[in-house]
Amino acid sequence: MSISIDSIQSLNELREYIHKTLCEKENLLEEQFTMSEMALRRRGRNCGLQFSINGPRSVRLGAIWASDSNMIYFYDARGERYAKVHLPNRVFVPEGESEEAA
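Model, not experiment: these values are computed from the prediction.

1. Describing the sheet that holds strand β3 (residues 60–66)
Turning to step 1, where the next piece is worked out: The sheet built from five strands is open, its strands ordered β1-β2-β3-β4-β5 with antiparallel pairing. Each end of this open sheet is capped by a strand with a single partner; those strands are β1 (35–42) and β5 (81–86). Shown here is a sheet whose adjacent strand axes are inclined to one another by a mean of 20 degrees, direction ignored.
Turning to step 2, where the next piece is worked out: With five bridges joining them, strand β4 (residues 71–75) and β5 adopt antiparallel strand pairing. Residue pairing across strands places Tyr75 opposite Arg81, the latter belonging to β5.
Turning to step 3, where the next piece is worked out: Against the sheet, helix α1 (residues 11–25) touches β1, β2 (45–54), β3, β4 and β5, its axis set at about 25 degrees to β4.

2. Notes on the nonpolar core
Turning to step 1, where the next piece is worked out: Judged by nonpolar contacts, the single largest core of 23 residues is most densely connected at Leu14, Tyr17, Ile18, Trp65, Ile72, Phe74 and Leu87.
Turning to step 2, where the next piece is worked out: Listed by contribution, the elements that provide at least two residues to this core are α1, β2, β3 and β4.
Turning to step 3, where the next piece is worked out: Here this core gets six residues from one element, more than from any other, and that element is α1.
Turning to step 4, where the next piece is worked out: Ignoring sequence-local partners within four residues, the contact set of Phe74 consists of Tyr17, Ile18, Thr21, Leu22, Gly62, Ala63, Glu80, Arg81, Tyr82, Ala83 and Val85.

3. Remarks on the pattern of salt bridges
Turning to step 1, where the next piece is worked out: By the definition in use, this model includes seven salt bridges.
Turning to step 2, where the next piece is worked out: Notably, a salt bridge pairs Arg78 with Glu80, separated by 3.4 Å at the nearest N-O pair.
Turning to step 3, where the next piece is worked out: Ionic contacts of the salt-bridge type, sharing partners, join the residues Lys20, Glu24 and Glu30 into one network.

4. As for the packing of aromatic side chains
Turning to step 1, where the next piece is worked out: Evaluated as defined, the whole model comprises two aromatic pairs.
Turning to step 2, where the next piece is worked out: With 6.0 Å between their ring centres and 40 degrees between their planes, Phe74 and Tyr82 make a pair best called tilted.
Turning to step 3, where the next piece is worked out: Given a relative accessible area of 27%, Tyr82 falls into the partly exposed group.
Turning to step 4, where the next piece is worked out: In this structure, Lys25 is placed above the aromatic ring of Tyr82, and the distance from its NZ or CZ to the ring centre is 4.5 Å.

Conventions used here
Residues numbered from 1 in each chain as written. Predicted model: local features only at pLDDT ≥ 70, side-chain atom pairs only at ≥ 80, totals over all residues. Heavy atoms only, no water. Pairing = 2+ DSSP bridges. Helix = DSSP H or I, 4+ residues; strand = E, 2+ residues; numbered from the N terminus. Axes fitted to C-alpha atoms, helices over the stretch in contact; angles between N-to-C directions. Contact = heavy atoms within 4.5 Å. Core = buried A, V, L, I, M, F, W, Y, C linked by side-chain atoms within 4.5 Å. Buried < 20%, exposed > 50% of the residue type's maximum accessible area, 1.4 Å probe, protein only. Salt bridge = Lys/Arg side-chain N within 4 Å of Asp/Glu carboxyl O. Phe/Tyr/Trp six-rings, centres within 6.5 Å; stacked < 30°, edge-to-face > 60°. Lys NZ or Arg CZ within 6 Å of the ring centre and 35° of its normal.

Functional significance is not addressed by these values, which are geometric in nature.
Given below as C-alpha coordinates:
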(Lines give C-alpha, C1' and ligand atoms only; values in the text may rest on other atoms or scores of the structure.)
Protein backbone atom coordinates (compact mmCIF):
# COMPACT_ATOMS: atom_id res chain seq x y z
CA MET A 1 0.00 0.00 0.00
CA SER A 2 1.38 3.37 -1.01
CA ILE A 3 0.80 6.27 1.35
CA SER A 4 0.91 9.97 0.48
CA ILE A 5 1.83 12.79 2.87
CA ASP A 6 -1.72 14.17 2.59
CA SER A 7 -3.18 11.01 4.11
CA ILE A 8 -0.81 10.65 7.10
CA GLN A 9 -2.75 11.13 10.32
CA SER A 10 -1.62 8.31 12.61
CA LEU A 11 1.70 7.23 14.03
CA ASN A 12 1.55 3.94 12.11
CA GLU A 13 0.99 5.79 8.82
CA LEU A 14 3.95 8.04 9.66
CA ARG A 15 6.14 5.00 10.34
CA GLU A 16 5.08 3.36 7.08
CA TYR A 17 5.78 6.50 5.04
CA ILE A 18 9.22 7.04 6.61
CA HIS A 19 10.22 3.37 6.22
CA LYS A 20 9.19 3.35 2.55
CA THR A 21 10.97 6.67 1.83
CA LEU A 22 14.22 5.62 3.51
CA CYS A 23 14.27 2.25 1.75
CA GLU A 24 13.65 3.88 -1.64
CA LYS A 25 16.63 6.18 -1.10
CA GLU A 26 19.11 3.27 -1.15
CA ASN A 27 16.98 0.79 -3.14
CA LEU A 28 16.47 -1.46 -0.11
CA LEU A 29 13.71 -4.06 0.02
CA GLU A 30 11.31 -2.87 2.72
CA GLU A 31 10.53 -6.36 4.00
CA GLN A 32 14.22 -7.15 4.56
CA PHE A 33 15.17 -4.12 6.67
CA THR A 34 13.43 -3.17 9.87
CA MET A 35 13.28 0.32 11.23
CA SER A 36 13.98 1.31 14.81
CA GLU A 37 12.71 4.42 16.53
CA MET A 38 13.54 6.46 19.57
CA ALA A 39 11.55 9.18 21.30
CA LEU A 40 13.16 12.61 21.36
CA ARG A 41 12.68 14.75 24.46
CA ARG A 42 13.23 18.42 25.13
CA ARG A 43 12.90 19.83 28.65
CA GLY A 44 11.24 16.66 29.85
CA ARG A 45 8.55 16.43 27.20
CA ASN A 46 8.36 14.53 23.92
CA CYS A 47 9.16 16.65 20.88
CA GLY A 48 9.45 14.04 18.13
CA LEU A 49 10.82 10.70 17.02
CA GLN A 50 14.08 9.56 15.46
CA PHE A 51 13.91 6.68 12.98
CA SER A 52 16.84 4.53 11.75
CA ILE A 53 17.37 1.74 9.24
CA ASN A 54 20.59 -0.24 9.26
CA GLY A 55 21.16 -1.58 5.77
CA PRO A 56 23.85 -3.75 4.23
CA ARG A 57 27.53 -2.76 4.30
CA SER A 58 27.06 -0.53 7.36
CA VAL A 59 24.59 1.73 5.54
CA ARG A 60 22.57 3.70 8.07
CA LEU A 61 19.66 5.88 7.02
CA GLY A 62 17.67 8.12 9.31
CA ALA A 63 14.75 10.46 9.67
CA ILE A 64 13.55 12.79 12.39
CA TRP A 65 9.95 13.81 12.85
CA ALA A 66 9.67 17.09 14.76
CA SER A 67 6.18 17.02 16.24
CA ASP A 68 5.99 20.76 17.03
CA SER A 69 6.59 21.83 13.42
CA ASN A 70 5.14 18.61 11.94
CA MET A 71 8.22 18.25 9.71
CA ILE A 72 10.16 15.15 8.68
CA TYR A 73 13.89 15.49 7.99
CA PHE A 74 15.49 12.65 5.99
CA TYR A 75 19.21 11.81 6.20
CA ASP A 76 21.23 9.68 3.80
CA ALA A 77 24.04 7.19 4.52
CA ARG A 78 26.57 10.03 4.84
CA GLY A 79 24.44 11.76 7.46
CA GLU A 80 23.50 14.59 5.13
CA ARG A 81 19.94 15.84 4.96
CA TYR A 82 18.48 15.09 1.54
CA ALA A 83 14.81 15.94 2.07
CA LYS A 84 12.52 17.96 4.29
CA VAL A 85 8.78 17.25 4.22
CA HIS A 86 6.04 19.26 5.91
CA LEU A 87 3.01 17.18 6.83
CA PRO A 88 -0.26 19.06 6.18
CA ASN A 89 -2.19 17.14 8.88
CA ARG A 90 -1.33 16.68 12.53
CA VAL A 91 -0.20 13.16 13.42
CA PHE A 92 -2.26 11.63 16.21
CA VAL A 93 0.04 10.09 18.81
CA PRO A 94 -1.84 8.12 21.49
CA GLU A 95 -0.86 9.02 25.06
CA GLY A 96 2.20 7.00 26.09
CA GLU A 97 2.86 5.61 22.58
CA SER A 98 5.97 7.69 21.84
CA GLU A 99 7.50 6.89 25.23
CA GLU A 100 7.28 3.19 24.35
CA ALA A 101 9.48 3.80 21.33
CA ALA A 102 12.43 4.74 23.56
